[in-house]
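Chain residues, written in single-letter form:
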Amino acid sequence: MRIADKIAARQTFSFEIFPPKGELPLEEARAVATELAADRPDWISVTYSAGGSGNSANTVPIASSIEHELGVTALAHLTCLGSTRADVDAYVSGLADAGIENVLALRGDRAPGREAIDFEHASDLIEHLRASGADLCIGAACYPEGHVESPTEEESFESLYKKQEAGADYLVSQLFFDNEDFYRFREKCLRHRVRLSIVAGIMPFTSVKQIQRMAFTCGASIPAKVVKRLVLAGDDPADQARAGVEYACEQLVDLAANGVDGLHVYSMNKPAVAHAAHEALLACGYLGA
Ligand code: FAD
């Protein structure tokens, strides 16, 4: 089922996994997906390795197994930096062969040796997907704190508007640790003519190292209240993970109470984290039992 239709029908709840590299770990990703599917999310998204290297070849096989073996809608990510139109067309025909109609159209992060070939921005990819006539429901990324490369807020919203005009059906947000950033962003979208539904993305951090890495790579700021939780958790990794999951659950419950279009949990390959988020949303009444 098309994700845009799900979002139009109700507030959604979804998970994300990344396919590991190599042959054998594909089975591990399937095992993780099976555990995530037990919570009956509206969809499970499967990341894509930018530039066509690493795990990108495993995205469609895992998405296919989620969709057809586990009976949960799959969202296959696709990045376009370093890809040609022919690469994208081959991927799209792989999606059609696998019976997957949901794709998240992304540019991908810049990296040495990964230059734009046929696509400069995600909006170019979305335009191409629409022009190809492929029957796809297309999601795109948005950034409550702005994208790290955007020189001004104005430009950040202008590029979001372009994604909407190119044919994106809905948006999924980058992770954030302060819900107020999301609420402000949601209001500003309307002022900038961005009227797409926005699914809020939350990542439960499970270690100090991880939160530092995320803040560095995606530019998310770490509010004082998160630092305080980490300090109180001390040096024990299990206590840090517990503090991170508790904080994320509080974020989710607050977002649920504030009328979000959907909640996406960057559960990555940690089913215990996903289950904790699911339990919190059941307890607060966002999800039916
Ligand atoms: P764009 O929309 O192209 O934006 C990139 C920058 O260019 C922004 O600063 C934007 O303001 C600017 N810009 C956009 N259009 C224009 C324009 N027409 N003119 C001028 N400037 C413009 N990465 C992966 O490698 N694999 C994944 O699976 C993956 N999944 C993700 C899922 C989500 C929900 C999110 C939020 C991010 C994900 N990423 C993933 C990371 C993403 O690839 C990076 O954030 C990347 O740097 C930007 O991607 P984008 O699609 O937002 O790019």
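Above this text is the structure in question.
By convention here, each chain's residues receive numbers from 1 onward along its written sequence. In view of the model being predicted, local features appear only for residues whose pLDDT reaches at least 70, and side-chain atom pairs are presented and counted only at 80 or more, with totals across whole chains, interfaces and linings using the full set of residues. Excluded from the side-chain calculations are hydrogens and water; all other atoms, namely the structure's heavy atoms, are used.

J.: Just give me the short version of the overall build of the protein, but keep the residues and values in it.
T.: Put simply, DSSP H or I for four residues or longer makes a helix, DSSP E for two residues or longer makes a strand, and each gets a number counted from the N terminus. When you go through the protein residue by residue, the secondary structure sums to 11 helices and 8 strands. Radius of gyration: over C-alpha atoms. The globule rule applied is 2.2 Å multiplied by the number of residues raised to the 0.38 power. Its C-alpha atoms give the protein a radius of gyration of 18 Å, near enough to 19 Å, the size a compact globule of 289 residues would have. Overall, the C-alpha framework of the protein stretches about 50 × 45 × 40 Å when taken along its three principal axes. Residue exposure (1.4 Å probe, protein chains only): buried if accessible area is under 20% of the type maximum, exposed if over 50%, otherwise partly exposed. Out of the 289 residues in the protein, the part that is buried amounts to 53%. Note on contacts: a residue pair is in contact if any heavy atoms of the two residues lie within 4.5 Å. Taking the contacts inside the protein whose residues are at least 6 apart along the sequence as the reference set, 80% of them involve residues at least 24 apart. Carbon and sulfur atoms make up 51% of the accessible area of the protein, which amounts to about 12,800 Å² in all. The positive charge centre, built from 26 side chains, and the negative charge centre, built from 41, are 3 Å apart in the protein. Throughout, the Shrake-Rupley method with a 1.4 Å probe supplies accessible areas, and for residues the shown protein chains are the sole cover considered. The charged-residue count follows a simple rule in which Lys and Arg add positive charge and Asp and Glu add negative charge, with His and chain termini not counted at all. Positions of charges follow a simple convention, taking NZ of Lys, CZ of Arg, CG of Asp or CD of Glu.

J.: Go over helix 6 (residues 153-166) with me, naming the residues and quoting the values.
T.: Given the number of residues in a helix, its expected span is that number minus one, multiplied by 1.5 Å. The first and last C-alpha atoms of helix 6 sit 20 Å apart over 14 residues, in line with the 20 Å expected at 1.5 Å per residue. Check the buried side of helix 6 and you find it contacts helix 5 (122-131), strand 5 (137-142), strand 6 (170-173) and helix 7 (179-191). Directly after helix 6, the chain includes Gly-167, whose backbone phi takes a positive value near 125°.

J.: Describe a nonpolar patch on the surface, naming the residues involved and giving the relevant values.
T.: Each patch is built from residues that are more than 30% exposed by relative accessible area and take part in no salt bridge. Like charges join if they lie within 9 Å; nonpolar side chains (Val, Leu, Ile, Met, Phe, Trp, Tyr) join within 5 Å. Every case where a carboxyl oxygen of Asp or Glu lies within 4 Å of a side-chain nitrogen of Lys or Arg is listed as a salt bridge. A cluster of nonpolar side chains, namely Ile-222, Val-227 and Val-231, defines an oily patch on the protein surface of about 240 Å² accessible area. Topologically, Val-227 is positioned in helix 9 (residues 224-233). Among the residues examined, Val-227 registers a relative accessible area of 40% and is labelled partly exposed.

J.: Describe the sheet that holds strand 7 (residues 197-202), with residues and values.
T.: Paired strands are those between which DSSP finds at least two bridges. Spatial ordering of the closed barrel is given by 1-2-3-4-5-6-7-8, a layout of 8 strands whose pairing is parallel. The sheet shows a mean angle of 30° between the axes of neighbouring strands, direction not considered. The pairing of strand 1 (residues 12-17) with strand 2 (residues 43-46) spans 4 bridges and is classified as parallel. Across the sheet, residue Ile-17 finds its bridge partner in strand 2, namely Val-46. Axis definition: a line fitted to C-alpha atoms, over the contacting stretch in the case of helices. Angles run 0 to 180 degrees between N-to-C directions.

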